[in-house]
Amino acid sequence: MEELDGEPTVTLIPGVNSKKKQMCFDWGPGEMLVCETSFNKKEKSETVPGCPFIYIIRKDIDVYSQILRKLFNESHGIFVGLQRIEEELTGKSRKAQLVRVSKNYRSVIRACMEEMHQAAIAAKDPASGRQFSSQVSILSAMELIWNLCEILFIEVAPAGPLLLHLLDWVRLHVCEVDSLLADVLGSENPSKHESFWNLVTILVLQGRLDEARQMLSKEADVSPTSAGMCRILGDLMRTMPVLSPGNTQTLTELELKWQHWHEECERHLQDGTFASSPHLESLCKIMLGDEAALLEQKELLNNWYHFLVTRLLYSHPTVKPIDLHFYAQSSLDLFLGGESSPEPLDNILMAAFEFDIHQVIKECSIALSNWWFVAHLTDLLDHCKLLQSHNLYFGSNMREFLLLEYASGLFAHHSLWQLGVDYFDYCPELGRVSLELHIERIPLSTEQKALKVLRICEQRQMTEQVRSICKILAMKAVRNNRLGSALSWSIRAKDAAFATLVSDRFLRDYCERGCFSDLDLIDNLGPAMMLSDRLTFLGKYREFHRFYGEKRFFDAASLLLSLMTSQIAPRCFWVTLLTDALPLLEQKQVIFTTEQTYELMRCLEDLASGRPVRGEPGAQRLQEDIENTKLEMLRLALARNLARAIIKEGSLEGS
């Protein structure tokens, strides 16, 4: 197992002194509960904790940011779209599509960064403002790294176009020059503005030579003594060979032209053409790629990678990708000059210039506060076939591991968990198992949320999870006395035991109230009534009532008798069934045949012989008297019906 790159950060819990008190904790999928215990080996006299609070420590707090939630939502659509079009991508169209996807990801980061910047400006308290500003810096670094990875790993720009991409990269991320340009041009006399020469220098450092020439022309207009020098330097800027995107010239031709141009710049400098103007002379030295002149502009360059790109522009315009890391390392060393050590961002960019993808991902995982960046970047690079050979030792590849971590973080949020489902879906090895484990932990706070979870499980044939969710919802419905809903969920869960329990509740309610609730559900049970004997009885007993209500007395009598003789009716319900037979026995028309009447008599005697004899006083004795009266009435009714049936059947035989 690999060693940690450094000591893990310490999280301080307010009010807790871990040196004097022992802590207890409990891990969750995305959180940890921490509290102070009263157990203390040294000071046994003190039994009450000094900090009577339970703290929740979350490993990924970014999911709770309203603005970052937009980042997660927008990027989810891009991610899913990439997985779906993967099979259709081939050849050049594949590369173009992957670059387009990468740009879409970056546009989402930039939009989020702009919104975060506006929130920082509008923040009412300094603490919130600092927090938003910190997030802006992080998002800016993420976009900077992603853009460089796009150029080096996805675009795979060759020598020549590589420098053009790097120039665009620097210009995009060192954007203070645009506000400075507007400020200078908006003044009454731009060439006399205090930041005029700083502006011209920055434009030259960024390779924006056309704009630099325009600014020099303003200096020439107001200063006749330097007009000639400005014109010469402007011509040098205009004639600098640059490989444009639509240009067909070869790298060899470009190098020859650039060498000739470089010699001309050198000649003007040697001849002292700009000796009388330190600003113009400094600009000429920069265009010659003079390292000392470039390092003098450290404050304007801001960072070493800007220094690197400017240095390449004016010294090695046809640099090859394979040589980038040499120039990057030397530029970093020259720019820092041993005065400070590289920051985490510097290490990440250096790893990218070295084309060490795995180191980039590793450094980003350590430096960034959540898994969003590394998960999506790794997925995109995996689609570029750049990570195929890198499998982790614990059973998954790097792409899947990072996606699983990111999706797990989303499941800690009350609504973002729905996004996490799709990320698990596109992890072929461990995604299904992880989804099953996480989805069981989602709190089913509302029925609407439960239905969402259930639909997700049913779409993925997650039988056990479907059953578990239905059981939970059925139990909640029973507690709230919503028997129809409880029965529906138990049927959906295919839980025979719980369906039996709910059916018993229906029958008990019928005995107490004399009518059924949720008739629509019971009337339309269909094949579901076969789930348990009690549910079958409930459905058939309701069917008996429907037959009786429709005056289909013979069908009702046959069904009632079958319920008694098939033994699916609970014994405690036999009295009710026999009582329901009374109206049929008292009909003018003979409904029960002799044989059916004998069956009913047998059932009645079985019931009477099986009843325990009790002699307790009070309400129970009264209840027994009522039951005995019912039994006597039933015996009398059955005897009368038997006589009528014998007479009817005898007369039919005689005729």
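The structure presented is a predicted model; accordingly, all values stated were derived computationally and were not measured.

Some words on the overall build of the chain
Okay, step 1: In terms of helices and strands, the chain carries 30 helices and 3 strands.
Okay, step 2: Burial statistics for the chain: of 655 residues in total, 46% are counted as buried.
Okay, step 3: Across the chain, the fraction of contacts at a sequence separation of at least 24, relative to all contacts at a separation of at least 6, is 63%.
Okay, step 4: Element-wise, carbon and sulfur atoms account for 54% of the exposed surface of the chain, whose accessible area totals about 34500 Å².

Some remarks on the confidence of the model for the chain
Okay, step 1: For the chain, mean pLDDT is 82; residues scoring 70 or higher make up 83% of the total.
Okay, step 2: Contacts from residues 612-619, a stretch scored under 50 in pLDDT, to residues over four places away or in other chains number 4 contacts.

Section: the packing of aromatic side chains
Okay, step 1: Applying the stated rule across the entire model yields 18 aromatic pairs.
Okay, step 2: Here Phe72 and Tyr406 contribute two aromatic rings whose centre-to-centre distance is 6.0 Å and whose plane-to-plane angle is 65°, an arrangement assigned as edge-to-face. With Phe72 in helix α1 (residues 66-85) and Tyr406 in helix α18 (residues 398-410), this residue pair connects regions lying 334 residues apart in the sequence. When sorted by exposure, Phe72 lands in the same class as Tyr406, which is buried.
Okay, step 3: The interplanar angle of 75° and the centroid separation of 5.8 Å between the aromatic rings of Phe153 and Phe355 together place this pair among those described as edge-to-face. Here Phe355 lies in the loop between α15 (344-353) and α16 (357-367) and Phe153 lies in helix α3 (residues 126-155), a separation of 202 residues in the sequence.
Okay, step 4: Taking relative accessible area as the criterion, Phe355 reaches 33% and is therefore assigned partly exposed.
Okay, step 5: Cluster of aromatic residues (ring-pair linked, three or more members): Phe72, Phe79, Tyr406, Tyr423 and Tyr426.
Okay, step 6: When the ring centre of Phe335 is taken as origin, the NZ or CZ atom of Lys298, which lies over that ring, is 5.4 Å away.

Comments concerning the environment of Asn481
Okay, step 1: Mapping Asn481 onto the fold places it in the loop between α22 (463-479) and α23 (483-493).
Okay, step 2: Residues Asn481 and Arg505, 24 residues apart in the sequence, show an inter-C-alpha distance of 9.5 Å.

Observations concerning the state of the cysteines
Okay, step 1: By the definition in use, this model includes 0 disulfides.
Okay, step 2: No disulfide involves Cys284; its sulfur sits 5.4 Å from that of Cys265, the nearest cysteine.
Okay, step 3: Residue class for Cys284 comes out buried when judged on its relative accessible area of 0%.

What to know about the packing of helix α5 (residues 176-185) against helix α6 (residues 196-205)
Two quantities define a packed helix pair, namely the angle between the helix axes and the distance between the axes.
Okay, step 1: At a closest axis distance of 10 Å, the pairing of α5 and α6 adopts a crossing angle of 140°. In terms of axis orientation, α5 runs oblique to α6. Like other packed secondary-structure pairs, α5 and α6 cross with a definite hand, here left-handed. Contact residues: α5 offers Val177, Leu180, Leu181 and Val184, while α6 offers Phe196, Leu199, Ile202 and Leu203.
Okay, step 2: Among the residues making up the contact of α5 with α6, the classes are represented as 8 nonpolar, no polar and no charged.

Observations concerning the pattern of salt bridges
Okay, step 1: Per the stated rule, a full pass over the model turns up 20 salt bridges.
Okay, step 2: Between Glu150 and Arg106 there is a salt bridge; the shortest N-O distance is 2.9 Å. Highlighted residues: Glu150 in helix α3 and Arg106 in helix α2 (residues 91-122), separated in sequence by 44 residues. Accessibility assignment for this pair places Glu150 and Arg106 in one class, buried.
Okay, step 3: Glu211 serves as the salt-bridge partner of Arg208, at 2.7 Å between the closest nitrogen and oxygen.
Okay, step 4: Overlapping salt bridges bring together Lys103, Arg106, Arg110, Glu143 and Glu150 as one network.

With respect to the environment of Arg208
Okay, step 1: Relative to the helices and strands, Arg208 resides in the loop between α6 and α7 (209-222).
Okay, step 2: On the basis of relative accessibility, which here comes to 13%, the residue Arg208 falls in the buried class.
Okay, step 3: When the C-alpha positions of Arg208 and Met237 are compared, they lie 9.4 Å apart, and in sequence the two are 29 residues distant.
Okay, step 4: When residues no more than four places from it in sequence are discounted, the contact partners of Arg208 are Arg171, Val177, Asp178, Leu181 and Leu203.

Observations concerning the nonpolar core
Okay, step 1: The biggest cluster of nonpolar side chains holds 190 residues, and the ones touching the most others in it are Leu166, Trp169, Leu233, Trp304, Phe353, Trp372 and Phe373.
Okay, step 2: Top contributing element to this core by residue count: α3, with 12 residues.

About the criteria used
Residues numbered from 1 in each chain as written. Predicted model: local features only at pLDDT ≥ 70, side-chain atom pairs only at ≥ 80, totals over all residues. Heavy atoms only, no water. Helix = DSSP H or I, 4+ residues; strand = E, 2+ residues; numbered from the N terminus. Buried < 20%, exposed > 50% of the residue type's maximum accessible area, 1.4 Å probe, protein only. Contact = heavy atoms within 4.5 Å. Areas by Shrake-Rupley, 256 points an atom, 1.4 Å probe, with all protein chains shown as cover. pLDDT = per-residue confidence, 0-100. Phe/Tyr/Trp six-rings, centres within 6.5 Å; stacked < 30°, edge-to-face > 60°. Lys NZ or Arg CZ within 6 Å of the ring centre and 35° of its normal. Disulfide = S-S within 2.5 Å. Axes fitted to C-alpha atoms, helices over the stretch in contact; angles between N-to-C directions. Parallel < 35°, antiparallel > 145°, perpendicular 65-115°, else oblique. Left-handed = near helix turned anticlockwise from the far one by under 90°. Nonpolar A, V, L, I, M, F, W, Y, C, P; charged D, E, K, R; others polar. Salt bridge = Lys/Arg side-chain N within 4 Å of Asp/Glu carboxyl O. Core = buried A, V, L, I, M, F, W, Y, C linked by side-chain atoms within 4.5 Å.

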